[in-house]
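# Understanding the architecture of this molecule
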Amino acid sequence: MAADKPVRRVALLTAGGLAPCLSSAVGGLIQRYTEVAPDVEIIGYLNGYHGLLSGRYVDVTPEVRAKAGLLHQFGGSPIGNSRVKLTNTADLVKRGLIADGQNALQVAAERLVADGVDVLHTIGGDDTNTTAADLAAYLHEHDYELTVVGLPKTIDNDVIPIRQSLGAWTAAEQGALFARNVIAEHSSNPRMLVVHEVMGRNCGWLTAATALAYREWVKAQEWNPGIGLTSGGWDVHAVYVPEASIDLDAEAERLKAVMDENDCVNIFLSEGAGVPAIVAELEARGEEVGRDPFGHVKLDTINPGAWFAKQFAERIGAEKTMVQKSGYFSRSAAANDKDLALIKECTDYAVDAALRGESGVVGHDEERGDELRAIEFPRIAGGKEFDASVEWFTALKAEIGQP
């Protein structure tokens with residue numbers, strides 16, 4: 001949209017899985033518009049692209065604006081999410097979101113035109129934001145200029161080239177909080193194996209950051225070993241991420257020694273670790289592996305945590321095994337102070353960019369000196385790998401004796 005074209009109506013849309021930033025980002029955008037452009041109308045499409053296709057939205061009234069600050073205190077998304085891929089026509093027809101023969105991009109674009117939307121703010125991962133860019137390109141080809149300004153939401157922290165995605169810090173903090181109770185289960189049985197499965201399909205950042213946050217808590221505690229309250233029983237004994245290979249035999253030997261010493265083993269596991277091996281094993285047995293509308297393996301159907309627990313249990317002499325997943329607990333939390341500061345920085349910039357007619361995904365651009373800017377859509381991609389060689393992660397592994 002040309003910078004001299006007035007912005008009259010703005011639409012907000014949250015999509016994909018939850019993250020501890022969605023509610024706050026919605027609140028921050030509303031507050032910034034109210035501060036610098038109070039006459040701009042704001043609507044929120046319900047349940048992401050699901051609502052855009054079906055024409056369901058809510059008006060942001062003066063009463064909503066007055067209490068927008070309350071949204072910073074909550075997790076989830078007040079306007080709802082969904083996993084809808086506009087280029088997966090078969091899935092959209094099956095779900096009744098478009099008719100057979102319709103083009104979803106056309107349906108969505110025509111809805112934006114009909115609703116008089118000048119700016120679309122998308123809060124989501126790479127799929128959410130690049131889909132929005134496709135919508136803007138489609139409308140441009142049909143002489144309707146739409147400014148699209150996205151915000152990067154993913155607890156995996158895996159959006160290229162964005163330094164830090166919104167909500168990831170909180171998710172790590174919450175995963176560490178979850179782990180405090182789960183790892184207390186090491187005392188529920190002799191020779192206990194506890195696997196804490198952390199979200200992260202292709203990127204191990206969240207698992208590593210969660211383990212780091214949890215170990216900082218462990219190191220800050222005072223222990224009473226004479227009665228069995230030992231740091232060894234509560235510690236992390238292994239951290240497995242997709243970016244690092246796992247020698248099951250060598251790790252089993254190492255962890256058996258840990259079990260012998262502490263009467264327990266506590267593993268932090270990224271749900272994406274070892275997935276190719278698991279899928280290959282299942283398909284070799286003739287089992288069908290479920291996939292979502294984006295073609296991703298449905299990780300909850302293959303249970304990586306259970307698979308790893310099975311690989312280790314007998315080899316390390318575990319008498320009992322427990323697998324617990326922190327993903328839904330972590331991703332639905334309200335943003336912490338560190339994320340709130342980042343969210344405000346990004347939402348303020350996003351509104352200012354929108355009023356300038358500048359499209360892109362707002363974040364600190366790692367390829368441009370970490371400058372906060374509206375990053376060009378063609379440069380946005382998912383699947384940024386965690387650098388398992390970073391000093392803080394290698395130091396963590398060294399401290400727990402993991403090669």
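Below or above, wherever it landed, is the structure these notes cover.

### Some points on the packing of aromatic side chains
The full count for this structure, using the stated rule, is twelve aromatic pairs. Relative to tryptophan 234, the ring of tryptophan 223 lies with its centre 6.2 Å away and its plane at 40°, an arrangement referred to as tilted. Here tryptophan 234 lies in helix H9 (residues 231-234) and tryptophan 223 lies in the loop between helix H8 (205-220) and H9, a separation of eleven residues in the sequence. Tryptophan 234 sits in the buried class, given a relative accessible area of 16%. Where tryptophan 392 meets phenylalanine 393, the ring centres are 6.2 Å apart and the plane angle is 70°; that geometry is what we call edge-to-face. For tryptophan 392, a relative accessible area of 27% gives the class partly exposed.

### Concerning helix H16 (residues 391-400)
Every buried residue belonging to H16 is among Phe393, Leu396, Lys397 and Ile400, and all of these are buried. Along H16, the residues classed as buried sweep out an arc of 95° about the axis, all on the same side. Residues of H16 that are exposed and angled more than 90 degrees away from the buried face: Glu391 and Ala398. Looking at the buried positions of H16, the neighbouring elements they touch are H8, strand S7 (238-240) and helix H10 (248-262). One or two residues past the end of H16 sits glycine 401, with phi positive at roughly 80°.

### Let's talk about the pattern of salt bridges
With the rule as written, the count across this model stands at 23 salt bridges. With its nearest N and O atoms 3.1 Å apart, the salt bridge here joins arginine 373 to aspartate 365. On the basis of relative accessibility, which here comes to 0%, the residue aspartate 365 falls in the buried class. Counted as one network, the salt bridges with shared partners bring together Asp365, Glu367, Arg373, Glu376 and Arg379.

### Focus: the pairing of strand S1 (residues 9-14)
Of all six residues in S1, six are buried; the element is thus mostly enclosed. Residues Arg9, Ala11 and Leu13 line one face of S1 and the alternating positions Val10, Leu12 and Thr14 line the opposite face, and both faces are buried. By the bridge criterion, four bridges tie S1 to strand S2 (residues 41-45) in an arrangement that is parallel. Paired with alanine 11 across the strands is isoleucine 43, a residue of S2.

About the cut-offs
Residues numbered from 1 in each chain as written. Predicted model: local features only at pLDDT ≥ 70, side-chain atom pairs only at ≥ 80, totals over all residues. Heavy atoms only, no water. Phe/Tyr/Trp six-rings, centres within 6.5 Å; stacked < 30°, edge-to-face > 60°. Helix = DSSP H or I, 4+ residues; strand = E, 2+ residues; numbered from the N terminus. Buried < 20%, exposed > 50% of the residue type's maximum accessible area, 1.4 Å probe, protein only. Arc of directions from axis to C-beta. Contact = heavy atoms within 4.5 Å. Salt bridge = Lys/Arg side-chain N within 4 Å of Asp/Glu carboxyl O. Pairing = 2+ DSSP bridges.

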